[in-house]
Amino acid sequence: MPTTFGSLRRLVLTPSLASVTFAGRGFPVTPTESTERLEAVPQAVVCGFEWGIDARSQWEVERRLGLVEPEQRGFAYEGATMAFTVLDAMGRGGHRTRDLLAGSGQPHIFLAYIGIGFAMARLPRPLWRKVLPDLTGTPYHPTMSWLAVDGYGFDLAYFHTRRWVDEQRRPKPYPWQGAPEYFQRAVDQGVGRALWFIHGGSPVNVAAAVGRFAADRQGDLWSGVGLASTFAGGGTADGLAGLLDVAGPHRAQLAQGSVFASKARAYAGFVPAHSEVASTSLTGLSVEAAAKVADDCAVDGRTRAAADGPPPYELWRANVREHFRDAGPSPAPGKTARAD
């Protein structure tokens, strides 16, 4: 049974399932079977958040999450992580988030970091210093914690589209992992993911939306598109091949996002058919092979190009882009793609 205070928090903080649908957000999406599957993603996040904000115990949350079908389970973990992050940051040093991500949430750590970003969008900045749990010794920490900033950017674009997409505003930098100069780039990666949802996976409309942004932002936006289209689905083989064509000089960024999505799917232990289709279309590789590219391109989390250079997360992304500059994402020739 939920607690009284938990129920009050849920009522205040949780959007309704209807409000996160494409129609509820006012997005220009024509309903299809693919778009219905795609809009189930934010609904799974909402369910996970409700369970996390209401639950009396971690066991109860984990049991509910375990009942979610594998394709959507990671998104439900996003929502639960968001809830636990809000509770920990607003409380007195709780460790709900750490316990979840060091336990059953570990296979979903990539999406769980995104859930932390969703919480950041609802917390004042002074509390951000409390949102990242100490996961020392667990894989991909803290390198992949930049996905929290990605999640923050996605939330801004999805729920406040006019300001962050139509008007193309940029949030003030924040010294995440000691790299304030990279903060806005990571936000743009999340905005790019949101564009895939906002336009229901339509390659033509997504490409047009990316093209309206300043040129120096488009590479990171395309990376977000690649991640969303591969992990969440919503595209067809023909449509994704077209997406690769319209990405033009940003094919390597699109492929890099797809590779990271494949790595996240493989790490979680469940690969839906749509992820295989997307990976093959955008990189010419199976999800398993794309995940290996991610592993081969990884950098030591302590590595930094220079005192003021990019964080290890960006060095990892750059290595993947370089791979596709040399090999070329199929079917388009990768020699026309370049890194940022």
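See the structure shown above.
Residues numbered from 1 in each chain as written. Predicted model: local features only at pLDDT ≥ 70, side-chain atom pairs only at ≥ 80, totals over all residues. Heavy atoms only, no water.

Visitor: Could you give an account of the packing of aromatic side chains, naming the residues involved and the relevant values?
Guide: Applying the stated criterion across every chain yields a total of 19 aromatic pairs. Centre to centre, the rings of F110 and Y267 are 5.7 Å apart; their planes meet at 80°, and the pair counts as edge-to-face. Here F110, found in helix 7 (residues 109-120), pairs with Y267, found in helix 14 (residues 251-268); they are 157 residues apart in sequence, far enough to count as distant. The class for Y267 is partly exposed, based on a relative accessible area of 25%. An aromatic cluster is defined as three or more aromatic residues linked by ring pairs; in this entry it consists of F22, F27, F118, F154, Y158, F159 and F197. Above the face of the F159 ring, R122 is positioned so that its terminal group lies 5.4 Å from the ring centre. Over the ring of F231 we find R265, and its NZ or CZ is 3.8 Å from the ring centre. (Phe/Tyr/Trp six-rings, centres within 6.5 Å; stacked < 30°, edge-to-face > 60°. Helix = DSSP H or I, 4+ residues; strand = E, 2+ residues; numbered from the N terminus. Buried < 20%, exposed > 50% of the residue type's maximum accessible area, 1.4 Å probe, protein only. Lys NZ or Arg CZ within 6 Å of the ring centre and 35° of its normal.)

Visitor: Quick one: what's the story with the pattern of salt bridges, residue by residue and with numbers?
Guide: For the structure shown, the criterion picks out 17 salt bridges. One salt bridge connects R37 with E33, and the closest N-O pair in it is separated by 3.6 Å. With a gap of four residues between them, R37 and E33 both fall in helix 3 (residues 33-54), about one helical turn apart. For R37, a relative accessible area of 32% translates into the label partly exposed. On the basis of relative accessibility, which here comes to 62%, the residue E33 falls in the exposed class. D188 is the partner of R170 in a salt bridge, and the nearest nitrogen-oxygen pair spans 3.2 Å. You can see R170 sitting in the loop between helix 9 (161-166) and helix 10 (180-198) and its partner D188 sitting in helix 10, a full 18 residues away along the chain. R170 sits in the partly exposed class, given a relative accessible area of 34%. (Salt bridge = Lys/Arg side-chain N within 4 Å of Asp/Glu carboxyl O.)

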